[in-house]
Amino acid sequence: MAEQDPAPGCPRGKQKQPAFTWEVRANDRSYHRQVRKKFAFCLSKRKYSGNAIRTAKYNLLTFLPLNLYEQFHRMANVYFVFVILLQTFPEISTLPWYTLLFPLSCLLIIRGLRDLVDDIGRHRSDRSINSRPCEILAGSRFCWRQWRDICVGDIVRLRKDSVVPADLLLLCSSEPSSLCYVETADIDGETNLKFRQALLVTHQELQSEESMAAFDGRVRCEEPNSRLHTFTGTLRWRGRTHALDGDRILLRGCRVRNTALCHGLVLYAGFDSKIMRNSGKIKRKKTKLDQLMDRLVIVIFLLLLATSLGLAVASGFWARTFQEKHSYLAALYQHTSPAHQAFLNFWGFTILLSIIIPMSMYITFEFIYLVNSCFINWDLEMYYGAKDIPAEARSTSLSDQLGQIQYIFSDKTGTLTQNIMSFKKCCVNGTIYGSGTGHENKQPQGSGLSGERPGEQKSGVCDVTLLEAAQRDNDPVLREFLRLLALCHTVMVEDRGDQLVYQAASPDEEALVLAARSLGYVFLGRTQDSITIRELGKTRTYELLAMLDFNSDRKRMSVLALCGGDAADAVRGQPGGERGRVPRLGPEAPRGRGAAGGARPGAGQALRGDGAEPAAARGHSHRGQAARRGPRDHPAAETGQHQSVGADRRQTRLLTDDMEILEEKEVSEILQAYWESNNNLSGHGDAPCSLSQQHPETPCHKRAIIISGDFLDRILHTGEVLKEKKGWPWQWLCCGRAEASQDQGALVEKAFVDLATSCQAVICCRVTPKQKALMVQLVKKHKKAVTLAIGDGANDVNMIKTADIGVGISGLEGLQAVQCSDYALAQFSFLQRLLLVHGRWNYLRICKFLRCFFYKTFAGLLAQVWFAFHSGFTAQPLYEGWFLALYNIFYTAYPVLSVGLFEQQDVSDKKSLEFPELYVVGQQDELFNYRVFGVTLLHGVGTSLISFYITLWAFEDHVGTKVVGDYESFSVTVALSALLSVLVEIVLDTQYWTVLSFLMVTASLLLFCLFSFLTQTVDAYRIAPAIFRFPDASWNALTDPYVLLVVLLSLVVNTLPSLTLHTVRATLGRASTQQRIQLRARRAPEPPVELRSHVPRGSFRRSSYAFSHQQGYGGLITRGDSLRVRDSLCVRDSEDSGRVRDSLRVRDSRDSGRVRDSGNGLRAGDSLHVRDSL
């Protein structure tokens, strides 16, 4: 993804450039160590950071206090500690201390261990990076050290394929003119080579270790900042000052390519480097359900306080009435009063009912999240066998959030598109060669792209007919076509003994040159003023008269060459350039004659981006961030909020042919009209309008916005876009108070977000990492939506950290994005299954788990409230203390745990992919919200009332055969009735049974029997009568048939309403949209969905060169800077000149998400396709 800083027209560009305050002295460590700066009050620290980085959160001293501090940010934990403190007062304590302390301790330990394991992984990663070897100049020679030993001002030696350890000023290299080729895949995901060049003075003077040791230059430059592609400074050495810019800087994270040796001066180290400045902070992410749970805990706590207050007031009135009726007991109440008793009972009820807030739910949550993460890791459909990379859930607490994604923010280069270039089709003199003609090569089964290794330069002939025609050499037009393919480029060639290796500035150039080589026209080498090729075994050298490199204005490159007095003019273009080239061709110009007409057929439309073709044809740059809404742009997020059941789901491209593309000027006009209308500033008294009314002829979902980083910066920071045509409303608003600017900025932001979210796609070109994160933050701020960001480079880290869910693509681009992500995938196409299958299933399971957990908590424990009405409101507990402590941990935990883990999906994984409308339930929070919580609460209240009052009615005037009618037996009967009712309800609600589900329900009953008899033995009562207060209560009660009949009656009465409701709803109820979709999905046959991608990421060089319009190596070639030999060129002779080796294989991607070439007709000059693995 190409990025740049705001232009002078934007706010930051208008600010006065600060004076250079960052001074770096070469080979002077003492100076950099003693310089300090203030950072707080009178405290100071070293100005120049070391090169060691630390991304871990804890160390041995800070882990315990910091982790506890983070855990007690949860309201539930604070509340539990508060209740435990209340239990220390004997006057108000109604429950044993262990009923809350034991579960809270388990919860804190489990979460602490999870955080510790995650942080140990960060420590290992930091240690691995800081321990990388490097060569540092020490004295008069270079010594091997580690990255952590590098300091600002050191001179570092780098070798081929080594990673740049810090931001360096390039001093010299082994290449001509001190060029250095670097690959920035770890930073921006692009694998095309970029070149940096040292100053002429350092190139000439610093040629030995002694001269470098004596180098005492001073660099004065800007302070460390996050601007990746700009740098300003000066080098003062030997009394002369030399200007420095970004072309002289090697950024940390780049990889040196095609350069044997290079030397650099460290300018920024460690966290001062530009890539670390863009990394952002580690943010603690909470899911939407987790946030809802925090609010529900507050609601439950308020209900608890209200209930306790009501019962406490009732206890005061009851105490006064009791004292009036029983005056002979006045001596017992001599030192108390009804108000005092009510006050003590209020706290007693607060402690008694505190277990209604389910602390054990959080413990179960952690285990469910962990297992669901393992399900993602074990999914073979998301395993990429070509590189042995499985999917990885790096965060274990966000799995349910995957089922609620509303907006996807995707990096394009290397993530959304692979940009694999292959020579597929060409049209020469009216004859079409390539795929779709019936003459293309037939590849054997399984010969996909996954079989090729990175670095191999292979090419297959796209059409046997084309190969035969080229070898016959009887068509002059075809001969000229192939010659121009071998001439018109800026490819550099490297002779490695038995093979020629091409180094291209973009993969399209490499593909064209390899295609020409496979057809017998081999590019052999170049000098500053000549190009040598071999044409069907004959070596020819062309004199290079002129070369016009590719740029974004011309959208083409041109070469003028001379061979034997005949001039050959060649032009090569890029997508979007056909609009500029075709008008230049006369109406009679033959489209197959590239040199005669000035446009090269087959290379004219050199690239075609399947994922962004319409906008590419308009000449726009597509390198950047695509903020894509879920419904229609990709199957992975095709949620269809307004989509009917029979909607067409085959359109998965980001931009479609019938889509209206809004450019920056149109966006400005729409925002201006929206502003005037909604603020009633137009002077006509029009009613406020929506953004969708600005272009009524085009539906909102048929629009796309393409903007640049500069335009985005103007909108979000100053609102200058509103001044372009009708600026007076903005100026009038700005003349108010000083704080009005912030409000106006927020209004502009909201207007832009409303416009962006009303469209199908928003493409942001050339944006900085901070602007990416800002886009995510704006949608989260103004739409309160769940966002997902996916990327593969270090420039995506900030965006990944800001989004609710961050996904990193693991491949050849480095591990920065993966290390900071929540989930790691090997292919972008796996995102579809991650969301539509795992995300949706996890959301279904978690929601059902929450409903079951709240139900069983209310059903079993609210009987304490009803018992207070019959015990004089004395806050006496109904249940035994051990039952209260073990109810949520052992007796009912396992059945709801099986629901959260093993409850199967309503439809299969293939049906989930075929019917993405099912995903809408998560986006709209339909399965768990305040309404669902209220229904669950009423259900639990009803179950507790039935269990309590049926038992009370049975025990009120009757006793069993064993004279069972005491308080302890009553408590056991109510407890068993509630427990069995809860278990039966969970059994009825379970749709998918496994052996483990059956065992967990059985284990709950067995554990109840086991712990009941263990805690109610006579021996235990004799040892600790204050702790074991119910001796033989369960044995006496459960061996009485009368009690068992009461339990059975309660169970039947509790179960009948649920069965009746399910029956009525199934027979008479109207099915919802989701239920109709589910029914249709169940009845439909299993679709033959192929989920596994067979196209390896990173197998070829990828770049967005065609969309970014970057220049190639034309300037270096014409200046001769990159050429070692200018006078002669050694050309190898080939004995097998007629036999053409495979150079570029044409393969069809078997990835399910790719877009196939319709290929019925060929536009003039079509030759290459971009293979996007989506």
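Before reading on, note that the structure itself is shown above.
An account of the accompanying structure is given in this report. Position numbers for residues count from 1 along each chain, tracking the sequence in the order it is written. Confidence filtering applies because this is a predicted model: local features only for residues at pLDDT of at least 70, side-chain atom pairs given and counted only at 80 or more, and all residues used for totals across whole chains, interfaces and linings. Note that water and hydrogens are dropped before the side-chain values are worked out from all heavy atoms of the structure.

**Re the sheet that holds strand E1 (residues 22-25)**
DSSP calls a pair of strands paired once it identifies at least 2 bridges connecting them. In this description a helix means any DSSP run of H or I spanning at least four residues, a strand means any run of E spanning at least two, and both kinds are numbered starting from the N terminus. Spatial ordering of the open sheet is given by E1-E10-E11-E12, a layout of four strands whose pairing is antiparallel. Each edge of the open sheet is held by one strand with a lone partner, namely E1 and strand E12 (240-244). Mean inter-strand twist for the sheet, computed between neighbouring axes without regard to direction, equals 20 degrees. Examined bridge by bridge, strand E11 (residues 233-237) and E12 share five bridges and lie antiparallel to one another. The partner of Leu235 across the bridge, within E12, is His242. What counts as an axis is a line fitted to C-alpha atoms, over the stretch in contact for a helix, and the angles between N-to-C directions run from 0 to 180 degrees.

**Quick look at the packing of aromatic side chains**
Ring geometry is summarised as follows: Phe, Tyr and Trp rings, the Trp one being its six-membered ring, pair when their centres sit within 6.5 Å, and such pairs are stacked at plane angles under 30 degrees, edge-to-face over 60 and tilted between the two. Applying the stated criterion across every chain yields a total of 36 aromatic pairs. Ring centres of Phe854 and Phe858 lie 6.0 Å apart, and the angle between their planes is 25 degrees; this geometry places the pair in the stacked category. One end of the pair is Phe854 and the other is Phe858, both in helix H27 (residues 830-861) and four residues apart, which spans about a single turn. Here the aromatic residues Phe867, Phe948, Tyr949, Phe955, Tyr967, Phe970 and Phe1030 are joined through ring pairs into a cluster of three or more. Geometrically, a lysine NZ or arginine CZ counts as sitting over a ring once it is within 6 Å of the ring centre and also within 35 degrees of the ring normal. Over the ring of Tyr31 we find Arg25, and its NZ or CZ is 3.9 Å from the ring centre. Against the face of Phe853 rests Lys856, its NZ or CZ located 3.9 Å from the ring centre.

**Describing the sheet that holds strand E14 (residues 255-257)**
In space, the three strands of this open sheet follow the order E9-E8-E14, with antiparallel pairing throughout. Looking at the sheet topology across the chains shown, the edges are occupied by strand E9 (193-197) and E14. Adjacent strand axes in the sheet meet at a mean angle of 45 degrees, parallel and antiparallel pairs treated alike.

**With respect to the packing of helix H33 (residues 930-956) against helix H38 (residues 1041-1067)**
Look at H33 against H38: their axes get within 10 Å of each other, and the N-to-C directions meet at 150 degrees. One element, H33, and the other, H38, form an angle in the roughly antiparallel class. The way H33 lies across H38 gives a crossing that is right-handed. Contacts between H33 and H38 involve His939, Gly942, Thr943, Ile946, Ser947, Ile950, Thr951, Trp953, Ala954 and Phe955 on the former and, on the latter, Tyr1042, Val1043, Val1046, Leu1049, Ser1050, Val1053, Asn1054 and Ser1058. Three categories are distinguished: nonpolar for Ala, Val, Leu, Ile, Met, Phe, Trp, Tyr, Cys and Pro, charged for Asp, Glu, Lys and Arg, and polar for the others, with Gly belonging to the last. The class makeup of the residues in the contact of H33 with H38 is ten nonpolar, eight polar and no charged. Roughly parallel here means an angle under 35 degrees, roughly antiparallel means over 145, roughly perpendicular means 65 to 115, and every remaining angle is called oblique. In this scheme the crossing of two helices becomes right-handed for a clockwise turn of the near helix relative to the far one and left-handed for an anticlockwise turn of less than a right angle. Any two residues whose heavy atoms approach within 4.5 Å are treated as being in contact.

**Here's the deal with unusual backbone geometry**
In this structure, Ser178 is a non-glycine residue whose phi angle is positive, near 55 degrees. As for its position among the elements, Ser178 is in the loop between strand E7 (167-173) and strand E8 (179-183). Phi at Leu536 takes a positive value of approximately 50 degrees, unusual for a residue other than glycine. Take Leu536: it is sitting in the loop between strand E24 (530-535) and strand E25 (538-548).

**A closer look at the packing of helix H30 (residues 893-902) against helix H35 (residues 995-1015)**
Between H30 and H35, whose axes approach to 8 Å, the crossing angle comes to 165 degrees. Between H30 and H35, the interaxial angle falls into the category roughly antiparallel. Crossing hand, H30 versus H35: right-handed. Contacts between H30 and H35 involve Tyr894, Pro895, Leu897, Ser898 and Phe902 on the former and, on the latter, Leu996, Ser997, Met1000, Val1001, Ser1004 and Leu1007. A per-class count over the contact of H30 with H35 returns eight nonpolar, three polar and no charged.

**Some remarks on the pattern of salt bridges**
Any Lys or Arg side-chain nitrogen located within 4 Å of an Asp or Glu carboxyl oxygen qualifies as a salt bridge. Under the criterion given, the structure shown has 35 salt bridges. Between Arg540 and Glu535 there is a salt bridge, with the nearest N and O atoms lying 3.4 Å from each other. The rule is simple: take the accessible area with a 1.4 Å probe, protein chains only, and divide by the maximum for that residue type; under 20% is buried, over 50% is exposed, in between is partly exposed. Looking at Arg540, the relative accessible area reads 29%, which means it is partly exposed. Residue Glu535 is classed as buried on the basis of its relative accessible area of 9%.

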